[in-house]
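Geometric and topological summary
One letter stands for each residue in the lines below.
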Amino acid sequence: MGKVLVFGSFVVDLMSRTPHLPVPGETVKGSVFKMGPGGKGFNQGVAAHKAGADLVMVTKLGKDTFGNVALETMKNLKMNADYIFQTDEAETGAALIMVDENTSQNEIVVVLGSCNQITDQEVDSLSPVLEESEYLLTQLETNVSAVERIVALAEKKGVKVILNPAPVQKISDMVLSKIDIITPNEVEAEILTGIPVTDEENAKKAADWFMEGVKSVIITLGGRGVYVASEEKRKLIPAFKVNAIDTTGAGDAFNGGLATALAEGKDLFEASRFANALAALSVQKIGTTPSMPIRSEIETFLENNKEA
């Protein structure tokens, strides 16, 4: 099994569930409040770790109470914290999350703090561990300069790069040319390509747009599944039918699962089905990091859903 390096954000999630999402100026009485570890990078790292990956997690924390949430979580999950950077010049990030308990839709405001200030020197210090890695999984929730630098370093060392382009923003052609697999959801794909991904035909067009620079494309389509395009083959892999309670972090579960399966030698299509299973299991629980399934749950779910 190859090593997976997840490079990305950590924020503390402050999550409330409410009968409906407030409109501007409205105060709504919520029913549940939970505080816990989150951030796209950290969620994806936890998903990969719990799914059985040989994982290196990289993020940056403030030296504060919220930073301790990350370190305590990693300790409890027996995750390696050797590559966690810390600073006393910026606070640890936080995300304010509101979830509609009737529809499971969410609204999120994220303040990135310290993980938006990863320095060139910190990225360069990862060179030895990148040497040992097979896959780099990263997102756009840290400072883009750090993403660009780690992607360039990974490409130079022959490490395969998976980019989850979220939160969505313009990606330079220089970065795209170094990406092996890009994993937008349908909204991100439309923003980046200008093509509304409303059906399989348009998913194919959006994938074609990305493949002018990127080798493989996976567009996640929520309840419809994922559209997977490699240089040899294209396929819509349907989602597993489950009762979604909280969709927060489903994309992170998918990406963590994808990197894990690929590092184990599964092909893009097998890995996408494995990742679909992670996402399906995660939406049946409340929260992000706590909702990520362990390997035995994933294997049981896949065994029970062979025909799906």
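I will try to describe carefully the structure that is included in this document.

**A few points about the packing of aromatic side chains**
The tally for this structure, following the rule as stated, stands at three aromatic pairs. Positioned above the aromatic ring of Phe 269, the side-chain terminus of Lys 233 is 4.4 Å from the ring centre. Across the ring face of Phe 274, the terminal group of Lys 266 is positioned such that the distance to the ring centre comes to 5.2 Å.

**Some details on helix α11 (residues 295-304)**
Along α11, the residues that are buried comprise Ile 298, Phe 301 and Leu 302. Buried residues of α11, viewed axially, fall in a sector of 95 degrees; they line one side.

**Considering the pairing of strand β6 (residues 92-100)**
With seven of its nine residues buried, β6 lies for the most part within the structure. Note: strand β2 (residues 11-18) against β6, eight bridges, orientation parallel. Counted as the bridge partner of Val 11 is Gly 93 from β6. Summarising the sheet, β6 and strand β7 (residues 106-113) pair through seven bridges and their orientation is antiparallel. Residue pairing in the sheet places Thr 92 in a bridge with Gly 113 of β7. Linkage of β6 to β7, two consecutive antiparallel strands, is achieved through a turn of five residues, within which Ser 104 is found at a positive phi near 70 degrees.

**Some points on the side chain of Glu 122**
As for its position among the elements, Glu 122 is in helix α3 (residues 120-124). Here Lys 60 takes part through its side chain, which lies 3.1 Å from a polar atom of the side chain of Glu 122. Residues in contact with Glu 122, not counting those within four places in the same chain, are Lys 60, Phe 85 and Gln 117.

**A word on the sheet that holds β6**
A sheet is described by the order of its strands in space; here four strands give the open sequence β3-β2-β6-β7, paired in mixed fashion. The outermost strands of the open sheet, each flanked by one partner alone, are β3 (32-38) and β7. Each neighbouring strand pair of the sheet contributes to a mean axis angle of 15 degrees, computed without reference to strand direction. Across the sheet, helix α2 (residues 65-76) touches β2, β3 and β6, and the angle it forms with β3 is around 70 degrees.

**Observations concerning the pairing of strand β4 (residues 54-62)**
By the criterion of burial, β4 is predominantly enclosed, with eight of the nine residues buried. Strand direction decides the pairing type here: strand β1 (residues 3-7) and β4, joined by five bridges, are parallel. Bridging from a neighbouring strand, Val 6 pairs with Met 57 of β4. Here β4 pairs with strand β5 (residues 84-87) via four bridges, running parallel. When the sheet's bridge partners are listed, Lys 60 is paired in β5 with Phe 85. This β-α-β element, β4 to α2 to β5, shows right-handed connectivity.

**Focus: the packing of helix α7 (residues 186-193) against helix α8 (residues 200-210)**
Their axes nearest at 10 Å, the elements α7 and α8 cross at an angle of 55 degrees. Comparing the axis directions of α7 and α8 gives the class oblique. For the crossing formed where α7 meets α8, the hand is left-handed. Contact residues: Ala 189, Leu 192 and Thr 193 in α7; Ala 206, Trp 209 and Phe 210 in α8. Here the residues of the contact of α7 with α8 sort into five nonpolar, one polar and no charged.

What counts, and where the lines are drawn
- Residues numbered from 1 in each chain as written.
- Predicted model: local features only at pLDDT ≥ 70, side-chain atom pairs only at ≥ 80, totals over all residues.
- Heavy atoms only, no water.
- Phe/Tyr/Trp six-rings, centres within 6.5 Å; stacked < 30°, edge-to-face > 60°.
- Lys NZ or Arg CZ within 6 Å of the ring centre and 35° of its normal.
- Buried < 20%, exposed > 50% of the residue type's maximum accessible area, 1.4 Å probe, protein only.
- Helix = DSSP H or I, 4+ residues; strand = E, 2+ residues; numbered from the N terminus.
- Arc of directions from axis to C-beta.
- Pairing = 2+ DSSP bridges.
- Polar contact = N/O pair within 3.5 Å; in protein donor to acceptor, adjacent residues only side chain to side chain.
- Contact = heavy atoms within 4.5 Å.
- Axes fitted to C-alpha atoms, helices over the stretch in contact; angles between N-to-C directions.
- Right-handed = clockwise from strand over helix to strand, strands pointing away.
- Parallel < 35°, antiparallel > 145°, perpendicular 65-115°, else oblique.
- Left-handed = near helix turned anticlockwise from the far one by under 90°.
- Nonpolar A, V, L, I, M, F, W, Y, C, P; charged D, E, K, R; others polar.

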